[in-house]
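Listed below are the residues making up each chain.
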Amino acid sequence: MSRDTTDGAAADDLLPAGTPIDLDNCAREPIHIPGSIQPRGVLAVVREPDFEIRQVSANVADLLGVAVDDVLGRHLSALIGTAQAARVQQSAAAFGDLRQRNPLELELTVDGRSRPFDALMHREPGGVLLVELEIAYGERPFSFPNTYQAVRNSVEELNRASSMGELYETTARAIRDLTGFDRVMVYRYDRDYNGEVVAESKRDDLNSFLGLHYPASDIPAQARAMYEKSWLRLISDVDYTPAPLVPTMDPDSGTPLDLTHATLRSVSPIHIEYLQNMGVRASMSISLLRHGRLWGLIACHHYAGPHLPPYGARAAAEFLGSTLSLRLIDRFDDDQLRERLAAQSMLAHVTAATLDERESVASALLRSPSLLDLLPAAGVAVSLGGEYHELGAVPTAEVVAQVVGWARGAGTEIASSECLADDLPGLDPGVAAGALALNLPDEQYIIWFRQEALRAVDWGGDPHNKAIAVQQGDGVRLSPRKSFERWREVVQGCGEPWGPIQLETAETLRRHLVEELYRRTRGALRAAEMLQRSLQPASLPFIPGWELSADYRPAAGGRVGGDWYDAFQLPDGRLIALLGDVAGHGLPAAGAMAQLRGALRSQLFAGATPAQALSQLNAFSLHLMPRTFATVIAARVDLDSGQVEAASAGHLMPYRTGPVVEQAPVQLSPPIGVRGVQYVPSTFTLDHGQGLVMFSDGLVERRDSTIDDGIDRLAGVLGQAGDLSASGISNALASSETDDDVTVITLQRL
């Protein structure tokens, strides 16, 4: 399994050491194992505990006057003398972090002359000690008090800063004073790792880089990962000739040496060329971290020639960078806290309104303070609880439907986009440039829409033209760009980005709405169940010579539907049998069912035929319940003769049972809720031994088959000798593959 780097790129995807690097592959360059160092110092790779030198940089003769062959495989004293080697061993053996004790100040004899050196030590796994030796410059002895003294006034200024801008400017000015670079910039990343220069201190004759943006590709992912591990990196002379390690590979493991924490580590040739193209002769960077992640950089450039600040100045600058990181975290977290508290206060007001059950959730969300106060946007569309509302500037229904489909397709609870046209090609960004959608249960949703927000971004060179073809011998290679002139890009077709606090607020709102909708649904379900039970006949009439039965079963999962049945005798002795199904579920369906049942019952009791009663019921529904849609089968039976008068309003045909099982001869008319309908009467007879079976579609519908298949199954059950009571039929056709109520009425002439 490959080890992941900080930005998620697999370490196994990095190129082998020594691979020629250009812009085609620089994103996979193994910059932590360059196999060489910058020649301002010497690197010795020492094996503990015997302190044998296993590798050394090839410039050892130039800086220390010792041949490579005279030190490889020998004790560290062969390189720096017995006394100084003992001091290194003593420091390495002390308890604690080696980095905190750097530098160890040494006096080495070179060409017969004593010279001061700084020894920088870092321990690698497996008993490997890296010892870097740099010629010492600047005030000595080096100590933390001296470091703090150098930046004390700057730290006090940082503590007094009242804004992020002041923090940036104070840091840039202080580090330039400490290090002497011609230009010092504070460079901040956005969420995509594009950088922006937010502060600058420079020589007066230099053009300003303040406000310029640089694309993420200028600093590849593995370079950013290095900045998180090694906080300061110095290139004292961009024209240096790398000093290779001898031997190139670790003699024990046969692998390249990891130089991540080596101060002298050689840098990418692509980066060197990039700096040369900018006219930079020396460079230093200091990492700015937030919770261990790279937040930005302090970038130092020098143009007059090579530049090597003393170790003390570099340590002081690194200390100041760490202090800035802490102050930035404090300031950023304070700003985030204020924004989060304001959002939570507004959220509390918005959600409190939804707790009043006298008002629908959708309506409550749109009165002041509304969803647009919670998340700034041009408009918001709300589809909740069977209601659809809009507030503000909302696109057409067709565009809203497209965005709903995009949000559902995201497969997440929250979908957001600041450039919606990228996600929905062909969508006019002038209609909806950005959107944030809450996906809610049962295809419900809330979507905020943001309009196009034109903004200009000043880049340090054209970010879309980063590579230049350069002739090199017989081949052509890619080179870093050479133009860094201010290049303005106007960003079109996008809305304002959705901030992290806004996304957190949306997530919290969604959780509340899911809970509130569930609470209301459970309450409505209980009310619907009570209403439905109260409307079912308490008992069925007892009719000598006939057998009447009924069975009702609610849908799986407790969803209350619109099924109802009724059976009663008229004053003249005839029997009325009814079965209906109102479209929908829950309390609305149960309420509509109650009204239709009462109206139809009274019409039939008053003497209307089934067809007349259905006509009157349809007129009643169209006038008083215009959005109701229902199917009904009604039968009036003369119990002496067995004659049946029936009419069907779009309902499934009942079956006549007996020696032959067949659909009863009832003519079909349109459902209740359709204008201009005439309901056709039908008449047939039930002889002795015959019966009538009426049923709702839940009995025969299945998710995995057609309704015709279900009707055929029912006919097969009715044709078998067995229990033909309503409950017996329901049991025979019971299935978990239906989402609807099941209702059956049977009437058998004995």
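Residues numbered from 1 in each chain as written. Predicted model: local features only at pLDDT ≥ 70, side-chain atom pairs only at ≥ 80, totals over all residues. Heavy atoms only, no water.

- An unreviewed UniProt entry lists the protein chain under the name GAF domain-containing protein, with Mycolicibacterium frederiksbergense given as the organism.

### Digging into the pattern of salt bridges
And step 1. Going through the model one piece at a time under the given rule, you end up with 26 salt bridges.
And step 2. A salt bridge links R54 to E52; the shortest N-O distance between them is 2.9 Å.
And step 3. A salt bridge links R173 to E157, with the shortest nitrogen-to-oxygen separation between them at 2.9 Å. Placement of the pair is R173 in helix α5 (residues 164-179) and E157 in helix α4 (residues 144-160), with a sequence separation of 16 residues.
And step 4. A single salt-bridge network, built from bridges that share partners, covers R47, E52, R54, D250 and D252. (Salt bridge = Lys/Arg side-chain N within 4 Å of Asp/Glu carboxyl O. Helix = DSSP H or I, 4+ residues; strand = E, 2+ residues; numbered from the N terminus.)

### Re the state of the cysteines
And step 1. Tallied over the entire structure, the rule returns one disulfide.
And step 2. What pairs with C419 in a disulfide is C494, and their sulfur atoms sit 1.7 Å apart. Here C419 and C494 share a disulfide; its torsion about the S-S bond, 100 degrees, makes the bridge right-handed. Of the two residues, C419 is situated in the loop between β16 (414-417) and α12 (420-423) and C494 in the loop between β22 (486-491) and α13 (500-535); the sequence distance between them amounts to 75 residues. Grouping residues by exposure puts C419 and C494 together as buried. (Disulfide = S-S within 2.5 Å. Buried < 20%, exposed > 50% of the residue type's maximum accessible area, 1.4 Å probe, protein only.)

### Quick look at the pairing of strand β18 (residues 444-450)
And step 1. The element β18 is largely enclosed, with a buried count of seven among its seven residues.
And step 2. The sheet contact formed by strand β14 (residues 379-384) and β18 spans five bridges and is antiparallel. The residue of β18 that forms the bridge with A381 is I447.
And step 3. Direction of pairing for strand β17 (residues 434-440) relative to β18: antiparallel, over a ladder of seven bridges. If you follow G434 over to β18, its bridge partner there is R450.
And step 4. In sequence, β17 turns back onto β18 through a hairpin of three residues, with D442 there showing a positive phi of about 60 degrees. (Pairing = 2+ DSSP bridges.)

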